[in-house]
Amino acid sequence: MTQHQRLLIIDFGSQVTQLIARRLRELNVYCEIHPYQNVTDAFLKEFDPQAIIFSGGPDSVTRPGSPRPPAAAFDMGVPILGICYGQQVMMQELGGVVESGHGTAEFGRAFVTPTDERLSLLDGWFVNVDSREQVWMSHGDHVSKIAPGFQVFGTSPGAPFAITADPARRFYAVQFHPEVHHTPNGAKLYENFVREAGFTGDWTMASYRDEAIRKIREQVGDKKVICGLSGGVDSSVAAVLIHEAIGDNLTCVFVDHGLLRQNEADEVVTMFRDHYNIPLIHADEADLFIGALEGVSDPEVKRKTIGKLFIDVFQREAAKIEGAEFLAQGTLYPDVIESVSFSGGPSVTIKSHHNVGGLPEKMGLKLVEPLRELFKDEVRALGRELGLPDKFIGRHPFPGPGLAIRCPGEITREKLDILRKADAVYIDQIRKHGLYDEIWQAFVAILPVKTVGVMGDGRTYDYACALRAVTSVDGMTADYYPFSHDFLGETATRIINEVKGINRVTYDITSKPPGTIEWE
């Protein structure tokens, strides 16, 4: 994608490096994250970045052998921004001094005040009456002497060189993390940096769509592609995009395991077969899956059983597609980043996508991954660009094993039917109250216990259920959504009145960690 202006993020191991990329993508700037050990002089020449950012990291530049950027980065004549460890390594490499200890570590919220010098990187900063900005610090080492050519533009109690720059060379360095939301005005700093670097914001979903279609056609030619369609956002967007590129040479295989939400299978089949006219094999295998799960209560056995059967069914159906040479997957950019080991050791395994992990090798297929440069929010934007309905694009995440892991204990058809109906009522309530888009994920879990209740003049002995709703940025951590008691009371009343088989409703207020979002 050399036609785009490109920014390189050199990763030194920070836990929040992905947030830097997200901030830049929000500014329509194309960027890539690469571990420092992969960024050689030859790599820099080929990548040809218009600007470079050094991320934070857990190491100490005072330690012999600690991570360093290539010296050639400083000779490219492009703007560089160093963040936290990135600031320290910039100072160390350019002639400054970094020290450990001496009581100047800062962790958490801090406030930076300006010096008398002005800097374009800080346009929009220090405009408050008290002339200070809240930032997020996380450093043990500190810069004790700045490199020649640098000036100080901001200080904090623990970092006298909190903001430094060499404006002539367009080298900028900050000790804090502007990418995290605890630095409220951090996005403005990134906006100023990319403006200084001359970025015009040419990274749009319209341009990505056109380029992705061209790349798919170049890769696939007139060969056939199969796509494991789960009905989730990622695989659906990938399927529609590939279909635009190669038409009926794409066939989607939708394995219906009988563990989907209410009406979900019909909605997926209707959208792809009727609305988009995409060739689709609908493998209705509910009896197979639910039969295999009979008597199974261990969550890991459930997952493995479903995963194995999914692969078996997918292979059987895919074998009916003569001449298929490619398998399409909805791999996203976070999966790609996570597959590269910062330490230089063996790469971690990319998450299996929609339960088709391992299939390319087993079936002798080559991969087509048109979303591998995108974050989740960008996939949703691309879906809208492709004309997928907003109601579908904005759906909450749904796990591959489906309702099986929202049904702790043994799975039965009766419990699945009750769960589908309760979940539909709950989601309807959330939509009616205008809360759906505020919530990362919401669902009902049916509990493996029955409780005594009273309805009318009669005794009931029915299942209890738990409502779950969380807020999150990426699903790695999450907090429960603070529904009002009125909402919870109204929802509980509807579920008990409308869903036969449930007589008690609870609300799960566990955060992640210590809990997980799903129950199993």
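The structure reproduced in this document is the subject of the present report. (Residues numbered from 1 in each chain as written. Predicted model: local features only at pLDDT ≥ 70, side-chain atom pairs only at ≥ 80, totals over all residues. Heavy atoms only, no water.)

### A few points about the nonpolar core
- Judged by nonpolar contacts, the single largest core of 48 residues is most densely connected at Y426, I430, I439, A469, F483 and Y507.
- Elements represented by at least two residues in this core include exactly β13 (250-256), α8 (286-292), α9 (299-318), α14 (413-432), β17 (441-455), β18 (458-471), α15 (485-498) and β20 (502-507).
- The dominant element in this core, judged by the number of residues it contributes, is α14, at eight residues.
- The residues touching A469, leaving out its near neighbours within four places in the chain, are Y426, I439, Q441, A442, D479, Y480, Y481, F483 and Y507. (Core = buried A, V, L, I, M, F, W, Y, C linked by side-chain atoms within 4.5 Å. Buried < 20%, exposed > 50% of the residue type's maximum accessible area, 1.4 Å probe, protein only. Helix = DSSP H or I, 4+ residues; strand = E, 2+ residues; numbered from the N terminus. Contact = heavy atoms within 4.5 Å.)

### Concerning the layout of surface pockets
- The computed volume of the second largest pocket comes to approximately 580 Å³.
- Lining the second largest pocket are 20 residues, with Q262, E267, K391, R395 and R431 positioned closest to its centre.
- Counting only elements with at least two residues in the lining of the second largest pocket, the list comes to α7 (264-275), α13 (390-393) and α14.
- Of the residues forming the lining of the second largest pocket, the biggest block, six residues, is contributed by α14. (1 Å grid on protein atoms, 1.4 Å probe; cavity = no way out; pocket = protein on both sides within 12 Å on 5 of 7 lines; lining within 4 Å. Points joined across faces, edges and corners; volume = space filled by probe spheres on them.)

### Here's the deal with the packing of helix α6 (residues 233-246) against helix α12 (residues 376-385)
- Where α6 contacts α12, the two axes come as close as 10 Å, and the packing angle between them is 45 degrees. As judged from the angle between their axes, α6 and α12 are oblique. Two packed elements cross with a definite hand, and for α6 against α12 that hand is left-handed. Only K376, V379, R380, L382 and G383 of α12 make contact with α6, whose side of the interface consists of V233, D234, V237 and L241. (Axes fitted to C-alpha atoms, helices over the stretch in contact; angles between N-to-C directions. Parallel < 35°, antiparallel > 145°, perpendicular 65-115°, else oblique. Left-handed = near helix turned anticlockwise from the far one by under 90°.)

### Details of the packing of aromatic side chains
- Within this structure, the stated rule accounts for 18 aromatic pairs.
- Seen in terms of ring centroids, F74 and F171 are 5.9 Å apart; in terms of plane orientation they differ by 70 degrees. Their pairing is edge-to-face. Here F74 is found in the loop between β3 (51-54) and β4 (80-83), whereas its partner F171 is found in strand β11 (residues 171-174), with 97 residues between them in sequence. No difference in accessibility class separates F74 from F171, as the two residues are buried.
- Through a chain of ring-to-ring contacts, three or more aromatic side chains come together here, namely F12, Y36, F54, F74, Y85 and F171.
- We note R132 situated over the ring of F111; from NZ or CZ to the ring centre the distance is 3.8 Å. (Phe/Tyr/Trp six-rings, centres within 6.5 Å; stacked < 30°, edge-to-face > 60°. Lys NZ or Arg CZ within 6 Å of the ring centre and 35° of its normal.)

Function-wise, these values are silent; they only describe arrangement.
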